[in-house]
Amino acid sequence: MTTEFGTAPALRSYLAIARKRKWWIAGAALLGLALSLALSVTQPDQYSATAQLLVQPSGASTASGGAVAAVTPIEVQTDLQLVTSAPVQQAVSQRLGSMPSVSAAEVAQTDVITITAISSSPSRAALTANTYANAFVNHQQDAAINELTAVELQLRAQIRRLSARIGTLKGKGIAARQLALMNQLAVLRAQLAQMRVSGAATTGGVELVTPAVAPGSPSSPKPKQDGLLGLAAGLVVGIGAAFLRDSFDDALCSKEVVEQLSGAPVLALVPMITSWKKRDQPPVVSISHPLSVSAEAYRSLRTSLQFYRQEHKLRTLVVTSPGAAEGKTSAVANLGVVFAQTGERVVMVSCDLRRPRLGQFFGLDEQAGLTTVLLGERSLMEAVQRVNGQETLWMLGAGALPANPAELLNGPATQAVFAALRAKFDLVLIDSPPVLPVTDAMLLSKDADGTLMVVAADQTRRAELRHATEKLAQVNGTVLGTILNEVTKRTGYGYGDGYGYGPLESDLPPATLPAAANGSAPTSANGSAPGRVAGSIWREPARTRTDDGPAPSTDDGPAPSKEGSG
C-alpha cells in the first residue's frame, strides 16, 4: 500500500493507488465498453409496447347503496399479481395462439398499472400488450358480475322471506309489525334495482385508459446507453481490481514505508532511467546529464553525507541492496562522480566478486583489480585506474572472479588493501553484492564506517528490506540511510516541477566517455615489478609533503590523503 503502516489511508493515498494502477482501471473500463458494444451490436432489435390500466373501486362495494370506497395500495398490488394469473394467460393463449410473457408495474405509487410487451415486431408487441390488458379487464368484469349475481341472489332470497312473513301477518291485526316488514321489503327491492343498474355498468374495478400502439423505433439494443453502462461497470471493476491488487502487493514504493522498515532516513529519491538496465555501457547521469533531476538527487545525497561527516568519521562507505538489479552499482558510480566534483579524492572499489559491473559505467576494464592485488600479481597502484575525464576519481576493479569471494573479502589481506586505500583517499566507496543472496555485504559492512541501502521502487519487497536490515544489524553494520531508486510519478512522487531543473528522463542515452589511452592500468613510477600485499601494497616512491597541503599527484596514481592514514 502507498500509506504508512499504522495510519489511516487518506484521499491522497487512494489517488496514488489509482494513478499507480491506472492501466488496470483503463483496461477494465475499455473491456467493459467493448463487451457491451459487442453485445449490443449483435443482438436483434426488440420493440416494446405499453398499455395502461386504471384501478377503480369495484361496483359490488357500492351495490347496497354505500359510499364509494377509495382504492387501497393492497388492491393495486393484488391486481398487479392478477395480470399474469392463469385465467388471464389462458384467455390470451386462446386469442393469440401462444402465451407471450409481459411485465406489469405500478406507475409511481398511483392507481395506474402498465402492461409492457416486448417482441421483435412492433405490431406484435402492441397486440400482445392490448390482448393482456383486455383479457385482464374482462376477467375482472366477470369476477365483479359473479359477485353482483351472488349478492342479487341473496337479496331476492331475503325479499321472498319478507314477503312470506308479511302474508302471514295479514288479517291478524298487527298493523305496526306488518308496516315495518313492508318498509324492509321496500329497501331490499330498491337495493336490488340499484344492483341491476350497477351490474349493467360495472367495469370490474379496472379500466383500459391507454391502449398500446406499435412503436416506431426499437427499445433495445441501445448502443450508446449500453456502452456507457459497460464503461461504468468496467470502471467499477477496474478500480476494485486495482485496490485488490495493491492490497496484495508488498513492493516498496513509499518513502515513509522504506524509512519505517529500514529504521534509517531516505536520503535520496532517484528517478527511474531505463537505460541503466543495459549491460553494454549504462550512463553515469552525473557526467552525461549534470542538470538532470537524477544528477541533482545524487548531489542532494552528497550534501546529506557531508553533513554527517561534520560529526562522524566517514572514510569507507559500503553501498549495497537487499537483492540484485536494484541500482546499487549506479549509485556508487554517480556518488563517486559528485564527490570527486567537489575536489575530494575518491576511489570506487568493485567488491561484487560474483557479478562485477562498475567498470562498465566508466568504460574501464576490471580484469586487473582487487583479486589481482590480493594474489600479488600486481601492486595496488598498478590496479587502481583513474576515471577518464575525472581528475580526482579512481576505480579499483574486481579482478579475476574467485571461487570463494566471502572468505577472500574476510581475510587480513583485504583489510590491508582497504587500510591502504583509506590512507590515500578521502573517501572509499565500496560496491558490495546484495545482502540477502550472499554474506559479502555483511563482511564488508562490519568494518566500514557506514552503509547505504539501495531499494528499488515497485521491485524491492517489504520482507526483503526488513530481512536485509536485520542481517546488517547482526554484524553491527551502521546503515546511514537508504536510496529509493527507480522512482516514477506512478509511485506518487513528482520531479522537476518549478525548480528549474531538466525534465525527468525516461531513457537517457549512454554516457560518452573517452577511452583509456592504452587500455591498461597505470604502472608505478619506478617501473618496478608488482609488489606483494604482504609487503608494500602501493610500491610507489615516497612523496614529500609540505605544510601547504598534499603533494601533487602524478599520472601513475593518486596523491596521498591530507589526513594521512586517517
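Residues numbered from 1 in each chain as written. Predicted model: local features only at pLDDT ≥ 70, side-chain atom pairs only at ≥ 80, totals over all residues. Heavy atoms only, no water.

**Some remarks on the pattern of salt bridges**
Which entries qualify depends on this criterion: Take a side-chain nitrogen of Lys or Arg and a carboxyl oxygen of Asp or Glu: if they are within 4 Å of each other, that pair is a salt bridge. Secondary structure elements are taken from DSSP: a helix is a run of H or I of four residues or more, a strand is a run of E of two residues or more, and numbering for both begins at the N terminus.
In the structure shown here, the tally under the stated rule is eight salt bridges. Its salt-bridge partner being Glu259, residue Lys255 comes within 3.1 Å of it at the nearest N-O pair. Taken together, the positions of Lys255 and Glu259, both in helix α8 (residues 255–262) and four residues apart, correspond to about one turn of that helix. Overlapping salt bridges, with partners in common, bring together Lys328, Asp352 and Asp431 in one network.

**Some points on the sheet that holds strand β4 (residues 206–210)**
Definition in use: Note: two strands are recorded as paired if DSSP finds a minimum of 2 bridges between them. Lines fitted to the C-alpha atoms define the axes, with helices restricted to the stretch that makes contact. Angles between their N-to-C directions range from 0 to 180 degrees. Contact criterion: two residues are considered in contact whenever any of their non-hydrogen atoms come within 4.5 Å of each other.
Pairing is antiparallel in the open sheet, where four strands are placed in the order β2-β3-β1-β4. Looking at which strands have only one partner, the edges of the open sheet turn out to be β2 (102–106) and β4. Strand-to-strand twist in this sheet, taken as the mean axis angle between neighbours without regard to direction, amounts to 30°. Pairing of β2 with strand β3 (residues 112–119) involves five bridges; the strand directions are antiparallel. Looking across to β3, one finds that Glu106 is bridged to Ile113. Sheet strands touched by helix α3 (residues 73–83): β1 (47–55), β2, β3 and β4. Its angle to β2, the strand with the most contacts, is close to 175°.

**Re the confidence of the model for the protein**
Basically, it comes down to this: Note: pLDDT gives the predictor's confidence per residue, expressed from 0 to 100.
When pLDDT is averaged along the protein, the result is 79; 75% of the residues meet or exceed 70. Across residues 1–8 the pLDDT falls below 50, and counting only partners more than four positions away or on other chains, this stretch makes 20 contacts in the model. Low pLDDT (under 50) marks residues 559–566, which in the prediction has 30 contacts with non-local residues, meaning those over four places away or in another chain.

**Quick notes on a nonpolar patch on the surface**
Keep this limit in mind: Patch construction takes residues with relative accessible area above 30% that form no salt bridge. Like charges are linked within 9 Å, and nonpolar side chains (Val, Leu, Ile, Met, Phe, Trp, Tyr) are linked within 5 Å. The method behind every accessible area is Shrake-Rupley, applied with a 1.4 Å probe, and residues are considered shielded solely by the protein chains displayed.
Judged by side-chain polarity, Leu11, Tyr14 and Leu15 come together as a nonpolar surface patch covering roughly 310 Å² of accessible area. By secondary structure assignment, the location of Leu11 is in helix α1 (residues 11–20).

**Digging into the packing of helix α10 (residues 293–309) against helix α11 (residues 328–340)**
Applied cut-off: Just so you know how the angles are binned, under 35 degrees is roughly parallel, over 145 roughly antiparallel, 65 to 115 roughly perpendicular, and the rest oblique. Working rule for handedness: look at the near helix, and if it is turned counterclockwise from the far one by less than a right angle, call the crossing left-handed; if clockwise, right-handed. All amino acids are sorted into three groups, where Ala, Val, Leu, Ile, Met, Phe, Trp, Tyr, Cys and Pro are nonpolar, Asp, Glu, Lys and Arg are charged, and the leftover types, Gly among them, are polar.
Close contact between α10 and α11 brings their axes to 9 Å; oriented N to C, the two are set at 70°. Classified by the interaxial angle, the pair formed by α10 and α11 is roughly perpendicular. Along this stretch, α10 crosses α11, giving a crossing that reads as right-handed. For the pair α10 and α11, contact is made by Tyr298, Arg299, Leu301, Arg302, Leu305, Gln306 and Arg309 and by Ser330, Ala331, Asn334, Leu335, Val338 and Phe339, respectively. In terms of residue class, the contact of α10 with α11 is made up of seven nonpolar, three polar and three charged.

**A short note on the side chain of Arg315**
Threshold: Any residue under 20% of the maximum accessible area for its type is buried, any over 50% is exposed, and the rest in between are partly exposed; the area is computed with a 1.4 Å probe on protein chains only. Nitrogen and oxygen atoms within 3.5 Å of one another constitute a polar contact, given that in protein one can donate a hydrogen and the other can accept it, and given that sequence-neighbouring residues count only through two side-chain atoms.
In this fold, Arg315 is placed in the loop between α10 and β6 (316–320). With a relative accessible area of 4%, Arg315 lands in the buried category. A polar contact is formed between the side chain of Arg315 and the backbone oxygen of Arg422, at a distance of 2.4 Å. Here Phe425 takes part through its backbone oxygen, which lies 2.6 Å from a polar atom of the side chain of Arg315.

**Description of helix α4 (residues 86–96)**
Put simply, the rule is: When we speak of the arc, we mean the arc of directions from the helix axis to the C-beta atoms.
Of all the positions in α4, only Val88, Val92 and Leu96 are classed as buried. Projected down its long axis, α4 carries its buried residues within an arc of 55°, all on one side. Summarising the geometry of α4, the exposed residues directed more than 90 degrees from the buried face are Ala86, Gln90 and Gln94. Immediately downstream of α4, the backbone of Gly97 shows phi near 80°, a positive value.

**Points about the sheet that holds strand β12 (residues 479–487)**
Sheet architecture is open: eight strands sit in the order β5-β12-β11-β6-β10-β7-β9-β8, paired in mixed fashion. For this open sheet the edge positions go to β5 (266–271) and β8 (384–386), each flanked by a neighbour on one side alone. With strand direction ignored, the average angle separating the axes of adjacent strands in the sheet is 25°. Across six bridges, the pairing between strand β11 (residues 450–456) and β12 is parallel. Counted as the bridge partner of Val454 is Ile483 from β12. On top of the sheet, helix α18 (residues 462–474) reaches β11 and β12; it is set at about 170° to β11, its chief contact.

**A short note on the pairing of strand β7 (residues 346–350)**
For β7, the tally of buried residues reaches five of five residues, placing the bulk of the element in the interior. The side-chain alternation of β7 yields two buried faces, one formed by Val346, Met348 and Ser350 and the other by Val347 and Val349. Sheet topology places β7 next to strand β9 (residues 393–396); four bridges connect them, and they run parallel. When the bridges of β9 are listed, Val346 appears paired with Leu393.

**A closer look at the packing of α1 against helix α7 (residues 223–248)**
Where α1 meets α7, the closest approach of the two axes is 10 Å, and the angle between their N-to-C directions is 100°. Regarding the angle of α1 to α7, the classification is roughly perpendicular. Mapping the contact onto sequence places Tyr14, Ile17 and Lys20 in α1 and Ala242, Phe243 and Asp246 in α7.

**Topic: the nonpolar core**
Rule in force here: Put simply, buried Ala, Val, Leu, Ile, Met, Phe, Trp, Tyr and Cys residues joined by side-chain atoms within 4.5 Å make one nonpolar core.
Leu301, Leu305, Leu335, Met348, Phe362 and Leu452 are the most contacted members of the largest nonpolar core, which has 36 residues in total. A per-element tally of this core places α11 first, with eight residues. Apart from the residues lying within four places of it in its own chain, the contact partners of Met348 are Val332, Ala333, Gly336, Leu358, Phe362, Val387, Leu393, Trp394, Met395, Leu396 and Leu429. Ranked by size, the runner-up nonpolar core spans 25 residues in total, among them Val55, Val71, Ile115 and Ala212.

**Examining the pairing of β1**
Along β1, the buried face is formed by Tyr47, Ala49, Ala51, Leu53 and Val55; none of Ser48, Thr50, Gln52 and Leu54, which line the opposite face, is buried. In the sheet, β1 pairs with β3 via eight bridges, with the strands oriented antiparallel. In the sheet register, Thr50 faces β3, and the bridge partner there is Thr116. Sheet topology note: the β1/β4 ladder contains four bridges and is antiparallel. In the sheet register, Leu54 faces β4, and the bridge partner there is Glu207.

**Considerations on α1**
Along α1, the residues that are buried comprise Ser13, Ala16, Ile17 and Lys20. Here the buried residues of α1 occupy an arc of 100° about the axis, which is enough to place them on one side. Opposite the buried face of α1, by more than 90 degrees, sit the exposed residues Leu11 and Leu15. Elements that come into contact with the buried residues of α1 comprise α2 (22–42) and α7.

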